[in-house]
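Take a look at the letters that make up each chain.
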Amino acid sequence: MTYSLKGKKIWVAGHTGMVGKAVTKHLINESCDVLTCNRAEIDLRRQHEVECWINENSPDAIIIAAATVGGINANKSYPAKFLYDNLMIETNIIHGAHKADVTKLMMLGSSCIYPKYAPQPISEYDMLSGPLETTNRWYAIAKISGVMLCQAYREEYGHNFISAMPTNLYGPGDLFNTDTSHVIPALLMRFNEAKKTDQKSITVWGSGKPRREFLHCDDLADALIHTLKYYSDSEPLNIGSGLDITIAELAYLIADIVGFEGEILFDSSMPDGTPKKLLNSQRLSQTGWHPKISLRDGLLDTFLWYQKALIDGIVRIK
Ligand code: GFB
């Protein structure tokens, strides 16, 4: 059954992050009332603050885009932060939504909830079928808990709480930091800097062999709104582009987009993480949604955004 967004109050929790920003922008076309709250207003890790905010604002539906996120190095370096923050954010919002009888809630997870050696492409039914990748198991456990919270509240109280599992994301508004961000913003920064300073070579982390599937945040936002309207099952729903490439291929593509002509080296002392992560998004495509943005177009869009953000002082080289 379709969940109509028309005239509804939709709270986008985490509207200042890359995903939340894109979802908020795409909701403009849905004749609904978008609710947001700033970090200064409430700390989503505090149950009382979250429940008071939900009571005062009475959202009909909630999209949980708020999360502590980062790339392979951030996940490895801050296990407590990734586990604690994400568990608290999800638990507080999901329990608050239950108490306030919110009519639909969508929790966003990540493809890292699936086992390190899951059969490819990875199906939703592979969750908890094998050991996790060690670099991001803290984040993965928090997100698995979020999926199960949605399932538990459905089962015990009959709530329409669902979860969506996006693949590796990128796009305008991403976190740009060479140490803690995901591979795409990290490489766009480093290749851009190498080109500007005329470096002869650049080093990419790991062997270059891992395969990753990437999805632009505008495609994701479109898919999430579609999912909120048309999906109501207890299983998580995978959201991917259907194409994966090696990190080495990604590095050469980024070099081409940025215009870096030097040598690309690989530092095998840095972790590779999961060897291959490609989602099976067949269940999503059966509902009628398909990605529109190619990786090259999406990378170019992100690079142009980054260059402007540097000029505007929104991001800094670090
Ligand atoms: O994007 P990334 O950090 O995410 O790394 P994961 C992807 C691959 O790119 C890894 C390689 O094999 C990295 O070793 N890589 C090469 C780099 N150069 C760089 C670089 O300069 N920076 C980064 N970050 N990587 C994340 C999880 O894992 O995936 C998160 O840690 C989340 O929890 C996300 O689930 C979707 O795919 O390895």
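Here, the structure is the one placed above.
This report concerns the structure included in the present document. (Residues numbered from 1 in each chain as written. Predicted model: local features only at pLDDT ≥ 70, side-chain atom pairs only at ≥ 80, totals over all residues. Heavy atoms only, no water.)

## A word on the site of the ligand
- Taken together, 23 residues form the shell around the ligand, and within it Ile72, Ser110, Arg212, Pro271 and Asp272 come nearest.
- Within the contact set of the ligand, an oxygen atom lies 2.8 Å away from a side-chain nitrogen or oxygen of Ser110.
- Within the side chain of Arg212, one N or O atom sits 2.7 Å away from an oxygen atom of the ligand.
- Within the complex, the protein chains bury 97% of what would otherwise be the 700 Å² of accessible surface of the ligand.
- The set of elements that each furnish at least two residues to the shell around the ligand consists of helix 3 (72-77), helix 6 (183-196) and strand 7 (201-205). (Near = heavy atom within 4 Å. Polar contact = N/O pair within 3.5 Å; in protein donor to acceptor, adjacent residues only side chain to side chain. Areas by Shrake-Rupley, 256 points an atom, 1.4 Å probe, with all protein chains shown as cover. Helix = DSSP H or I, 4+ residues; strand = E, 2+ residues; numbered from the N terminus.)

## Things to note about the environment of Asp60
- Along the chain, Asp60 falls in the loop between helix 2 (47-57) and strand 3 (61-64).
- Residue classification places Asp60 among the partly exposed positions, given a relative accessible area of 26%.
- Here the alpha-carbon distance between Asp60 and Glu249, two residues 189 residues apart in the chain, equals 44 Å.
- If near-sequence neighbours (up to four positions away) are discounted, Asp60 is found in contact with Tyr3, Lys8, Lys9, Val102, Thr103 and Lys104. (Buried < 20%, exposed > 50% of the residue type's maximum accessible area, 1.4 Å probe, protein only. Contact = heavy atoms within 4.5 Å.)

## Brief notes about helix 2
- For helix 2, the complete set of buried residues consists of Val50, Glu51, Trp53 and Ile54. Axial view of helix 2: buried residues confined to an arc of 160°, hence all on one face. Among the exposed residues of helix 2, those oriented more than 90 degrees off its buried face are His48, Asn55 and Glu56.
- Among the residues trailing helix 2, Ser58 stands out with phi positive, at a value near 40°. (Arc of directions from axis to C-beta.)

## Describing the sheet that holds strand 5 (residues 161-166)
- Spatially, 2-1-3-4-5-9 is the arrangement adopted by the 6 strands of the open sheet, whose pairing is parallel. Edge positions in the sheet fall to strand 2 (33-35) and strand 9 (237-239), since each has one partner strand and no second. In this sheet, neighbouring strand axes are inclined to one another by 20° on average, regardless of whether the strands run parallel or antiparallel.
- Alignment of strand 4 (residues 104-108) against strand 5, held across 4 bridges, turns out to be parallel. Looking across to strand 5, one finds that Met106 is bridged to Ile162.
- Here helix 7 (residues 217-230) sits on the sheet and contacts strand 3, strand 4, strand 5 and strand 9; the angle it forms with strand 4, its principal contact strand, is near 145°. (Pairing = 2+ DSSP bridges. Axes fitted to C-alpha atoms, helices over the stretch in contact; angles between N-to-C directions.)

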